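Here's the letter readout for the chains.
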Amino acid sequence: MFLRKNSHLKICDTPKRDYHFVLFFALAAVSIYAVFNSYYYFLLFIPAFIYLLQSKIKLVYWIFISLTVSVVIVFYLLFKNYLIIEHFSQWIDCVLHFSIRQHTIIWINNHYNITTASFIELIMFNIKNSQSIAIYRGMVDLSIVYLIIVSGFHLAIIKRIINIIFKKRYAIANLVSTTIIFVYLYFLNFAVSAFRVFSTLILSIFLRRRCNSPYEILGLSGLISLLLGPSIAFNAGFCLSYLCTAGIIFIGTLNINNIFLEKVLINLIAIVISLPFVLTMNRYISFWVLFNSFIFAYFFCFIFLALLFTFWIVWFLPLQDYITSGAWWLIKIALVNNIKIYINPFAPWVEVIYYQAIFLTIILINYHYHDD
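It is worth spelling out the overall build of the protein chain at this point. Along its length, the protein chain carries 16 helices and two strands. The C-alpha atoms of the protein chain give a radius of gyration of 21 Å, which matches the 21 Å a tight globule of 372 residues would have. For the C-alpha atoms alone, the extent of the protein chain along its principal axes is close to 65 × 50 × 45 Å. The buried share of the protein chain, reckoned over its 372 residues, is 49%. In the protein chain, of all internal contacts separated by at least 6 residues, the share reaching a separation of at least 24 is 74%. Computed over 24 positive and 12 negative side-chain charges, the separation of the two mean positions in the protein chain equals 6 Å.

Here we come to the pattern of salt bridges. Taken as a whole and judged by the stated rule, the model has one salt bridge. For Lys-340, the salt bridge goes to Asp-141, with nearest N and O atoms at 3.3 Å. In this pair, Lys-340 sits in strand β2 (residues 340-342) while Asp-141 sits in helix α7 (residues 133-141), placing the two residues 199 residues apart along the sequence.

For Asn-189, which is not glycine, the phi torsion reads 60° and is therefore positive. Relative to the helices and strands, Asn-189 resides in the loop between α9 (170-187) and α10 (192-206). We classify Asn-189 as partly exposed; its relative accessible area is 36%.

As a further point, take the packing of aromatic side chains. Evaluated as defined, the whole model comprises 29 aromatic pairs. Geometrically, the ring pair formed by Phe-125 and Phe-187 is tilted, given 5.6 Å between the ring centres and 35° between the ring planes. Placement of Phe-125 in helix α6 (residues 114-125) and of Phe-187 in helix α9 is noted, with a sequence separation of 62 residues between them. For the ring pair Phe-182 and Phe-190, a centre distance of 5.6 Å and an interplane angle of 70° mean the geometry is edge-to-face.

This brings us to the environment of Ser-66. Mapped onto the elements, Ser-66 comes out in helix α3 (residues 59-79). Residue classification places Ser-66 among the partly exposed positions, given a relative accessible area of 44%. On a C-alpha basis, the gap between Ser-66 and Leu-27 in space is 9.2 Å, while along the polypeptide they are 39 residues apart.

Counting 108 residues, the largest nonpolar core has Ile-123, Met-124, Tyr-184, Leu-226 and Phe-300 as its most contacted members. The contact partners of Leu-226, leaving out residues within four places of it in the chain, are Phe-25, Ala-28, Ala-29, Val-72, Ile-232, Ala-233 and Phe-238.

Moving on, we come to the packing of helix α5 (residues 100-111) against α6. Packing of α5 against α6 leaves a shortest axis separation of 9 Å and a crossing angle of 150°. By the angle between their directions, the pair α5 and α6 is classed as roughly antiparallel. Here α5 and α6 pass one another in a crossing that is right-handed. Contact with α5, carried on its side by Arg-101, Thr-104, Ile-105, Ile-108 and Asn-109, involves Ala-117, Ile-120, Glu-121 and Phe-125 of α6 and no other residues of that element.

A residue-level look at the protein chain finds 92% of positions with pLDDT of 70 or above and a mean pLDDT of 83. Here helix α2 (residues 45-55) stands out as the least confident element of the protein chain, with mean pLDDT 75; α5 is the most confident, with 91.

For the rest of this paragraph, the subject is the packing of helix α14 (residues 289-310) against helix α15 (residues 317-336). Packed helices, taken two at a time, are described by their axes: the angle between them and the distance between them. Running from N to C, α14 and α15 cross one another at 160°; their axes reach a closest spacing of 11 Å. Considering their axes alone, α14 and α15 lie roughly antiparallel with respect to each other. At the point where α14 passes α15, the crossing takes the left-handed sense. Taken together, the residues of α15 that come into contact with α14 (itself represented by Phe-296, Phe-299, Phe-300, Ile-303, Ala-306, Leu-307 and Thr-310) are Leu-319, Gln-320, Ile-323, Gly-326, Ala-327, Leu-330, Ile-331 and Ala-334. Considered class by class, the residues forming the contact of α14 with α15 number 12 nonpolar, three polar and no charged.

Given a rise of 1.5 Å per residue, 20 residues ought to cover 28 Å, and the 29 Å separating the end C-alpha atoms of α15 matches this to within 8%. Those residues of α15 that fall on the buried side of the exposure criterion are Gln-320, Ile-323, Thr-324, Ala-327, Ile-331 and Ala-334. Projected down its long axis, α15 carries its buried residues within an arc of 100°, all on one side. α15 presents Tyr-322, Trp-329 and Val-336 as exposed residues on the side facing more than 90 degrees away from its buried surface. Tucked into the core, α15 has its buried residues touching α6, α7 and α14.

Mapping Trp-107 onto the fold places it in helix α5. On the accessibility criterion, Trp-107 (28% relative accessible area) is partly exposed. Each C-alpha atom of the pair Trp-107 and Ala-117 lies 9.6 Å from the other, and the pair is 10 residues apart in sequence. Not counting the four nearest positions on each side in its chain, Trp-107 is found in contact with Tyr-112, Phe-311, Trp-312 and Val-314.

Bringing a nonpolar patch on the surface into the picture now. A contiguous nonpolar patch, built from Tyr-40, Leu-43, Ile-46, Ile-50, Trp-349 and Ile-353 and spanning about 600 Å² of accessible area, is present on the exposed surface. Looking at the nonpolar patch, the elements that each hand over two or more residues are α2 and α16 (348-371). Locating Trp-349 in the fold gives a position in helix α16. A relative accessible area of 45% means that Trp-349 is categorised as partly exposed.

The rules behind each value
Residues numbered from 1 in each chain as written. Predicted model: local features only at pLDDT ≥ 70, side-chain atom pairs only at ≥ 80, totals over all residues. Heavy atoms only, no water. Helix = DSSP H or I, 4+ residues; strand = E, 2+ residues; numbered from the N terminus. Rg over C-alpha atoms; globule rule 2.2 N^0.38 Å. Buried < 20%, exposed > 50% of the residue type's maximum accessible area, 1.4 Å probe, protein only. Contact = heavy atoms within 4.5 Å. Lys, Arg positive; Asp, Glu negative; His and termini not counted. Charge placed at Lys NZ, Arg CZ, Asp CG, Glu CD. Salt bridge = Lys/Arg side-chain N within 4 Å of Asp/Glu carboxyl O. Phe/Tyr/Trp six-rings, centres within 6.5 Å; stacked < 30°, edge-to-face > 60°. Core = buried A, V, L, I, M, F, W, Y, C linked by side-chain atoms within 4.5 Å. Axes fitted to C-alpha atoms, helices over the stretch in contact; angles between N-to-C directions. Parallel < 35°, antiparallel > 145°, perpendicular 65-115°, else oblique. Left-handed = near helix turned anticlockwise from the far one by under 90°. pLDDT = per-residue confidence, 0-100. Nonpolar A, V, L, I, M, F, W, Y, C, P; charged D, E, K, R; others polar. Expected span 1.5 Å × (residues − 1). Arc of directions from axis to C-beta. Patch = residues over 30% accessible without salt bridge, like charges linked within 9 Å, V, L, I, M, F, W, Y side chains within 5 Å. Areas by Shrake-Rupley, 256 points an atom, 1.4 Å probe, with all protein chains shown as cover.

Structure below.
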């Protein structure tokens, strides 16, 4: 939510060759959905093909797109639900003959009371148990559970802090960011939404002289994820991570000078893009979702950073208790005034129309914006 138009997503300053990776990725992911879920999703090919025809791209790109889609489908048929990244943490433990993640969790449980330990595990490592499930469900009711699930949002904050610390040392900042985010990914069991941040970071480092736009890096990252396990396309966290990131990049291209307006639009586009997935999981959305997203984003940003820098220091135990109590108190206040809007999950054909409308709206905004 805090990505700016001049942040690390802006990979290069001068125009470079366009490889259309984001289209390759989109068509491959949609193909998986269409073939193994509903043929209605094939209709999402229409805007992509219109773009390709208008761009007058060479025949070689059509061939590459066809091959990419075919390879992803074949991989899915061969490996089904096998995801390579789900085994990364286990392989690291086997190499080290020691589970750093498990021992860290045990250390937290031994040094904090049950309530505080559960809250730390939820905020820092995405671990839900009987103690923290109430806070988790409260955030679900407020339609902002993504704020406490460590994902690209949180890792982007870490990278921004590192960039500020090493402002004029690009190489050192990248090395530190890559190392810290990789270690954090290990603690998160290489969650698919967090893996996006790591892969885009690595790709942006190696391709900064060749890329054309952040969409290229995002698309190539998605392709790599699909090849590591095509069934990842059915993971809601994966879909939301890439769709919302694409939406944030789009808002960044508008070069909005009003920071408040930009934040509101970023939250709004994330809500609009994620709505079909939210309804599938919860069948309702909070009436105050936009307000909640804007307010709680800063609150949980502070909580995340406070825990990140202090949870391993037992002398700060009173601080951790205050943070836990404060978070639960604020959530309870929000829940008192919460209003749930119940909506049936979208049928596949409704989802297709919905995303076609979003795409058309983006095209119109882009046209009028650049025309002016």
